[in-house]
Amino acid sequence: MLFVLWYQFEPEHAHQVLELWKHFQYPSDVKIHNRYLLIGRHMSVAVFEAPDERSILKITAPFSSYGVAHVAPAMSLEEAIKTV
């Protein structure tokens, strides 16, 4: 399943968050499509595929002391139109 993660962190934690991202290893069952840093917003965004919620927890837990992670399942607009 496809997910979008947006992670909002406090400005004073920017250095720790960036250092953690540099060395972070995604679980083997997660396929990353892309990652972004929203400049000036103190947010990062990732689009990825994961089989279940446990994989999401493995991604968000290491960052939990620096900010708040928000995760939402997503589907392409084309897929959504076909579904309706």
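Residues numbered from 1 in each chain as written. Predicted model: local features only at pLDDT ≥ 70, side-chain atom pairs only at ≥ 80, totals over all residues. Heavy atoms only, no water.

Identification of the chain as DUF3303 domain-containing protein from Methanoculleus oceani is taken from an unreviewed UniProt entry.

Peer 1: Just to check I follow, could you spell out helix 2 (residues 53-60) for this structure?
Peer 2: Owing to its 3.6 residues per turn, the α-helix aligns residues three or four sequence positions apart on the same side. Buried residues of helix 2: Ser55, Ile56, Ile59 and Thr60, and no others. For helix 2, the angular spread of the buried residues around the axis is 130°, confining them to a single face. Exposed side chains of helix 2 directed beyond 90 degrees from the buried face belong to Arg54 and Leu57. Summarising the contacts, the buried residues of helix 2 are in contact with strand 1 (2-9), strand 3 (43-49) and strand 4 (67-74). (Buried < 20%, exposed > 50% of the residue type's maximum accessible area, 1.4 Å probe, protein only. Helix = DSSP H or I, 4+ residues; strand = E, 2+ residues; numbered from the N terminus. Arc of directions from axis to C-beta. Contact = heavy atoms within 4.5 Å.)

Peer 1: What exactly am I supposed to notice about the pattern of salt bridges here?
Peer 2: Pairing of side chains with opposite charge becomes possible as their charged atoms draw close. Under the defined criterion, the tally for this structure stands at one salt bridge. Measuring nitrogen to oxygen at the nearest pair gives 2.8 Å for the salt bridge that ties Lys22 to Glu19. Pair noted here: Lys22 and Glu19 are both in helix 1 (residues 14-23), with a separation of three residues, about one helical turn. (Salt bridge = Lys/Arg side-chain N within 4 Å of Asp/Glu carboxyl O.)

Peer 1: What exactly am I supposed to notice about the packing of aromatic side chains here?
Peer 2: Aromatic ring pairs: the centre-centre distance and the angle between the two ring planes describe each pair. Under the definition given, this model contains eight aromatic pairs. For the pair Phe3 and Phe48, a centre-to-centre distance of 5.7 Å together with 25° between the ring planes defines the contact as stacked. Of this pair, Phe3 sits in strand 1 while Phe48 sits in strand 3; the two residues are 45 residues apart in sequence, bridging distant segments of the chain. Following the ring pairs from residue to residue traces out a cluster consisting of Tyr7, Phe9, Trp21, Phe24, Tyr26 and Phe63. (Phe/Tyr/Trp six-rings, centres within 6.5 Å; stacked < 30°, edge-to-face > 60°.)

Peer 1: Would you mind showing me how to read a nonpolar patch on the surface here?
Peer 2: On the surface, a nonpolar cluster with roughly 320 Å² of combined accessible area is contributed by Leu18, Leu37 and Ile39. In this fold, Leu37 is placed in strand 2 (residues 31-38). A relative accessible area of 45% means that Leu37 is categorised as partly exposed. (Patch = residues over 30% accessible without salt bridge, like charges linked within 9 Å, V, L, I, M, F, W, Y side chains within 5 Å. Areas by Shrake-Rupley, 256 points an atom, 1.4 Å probe, with all protein chains shown as cover.)

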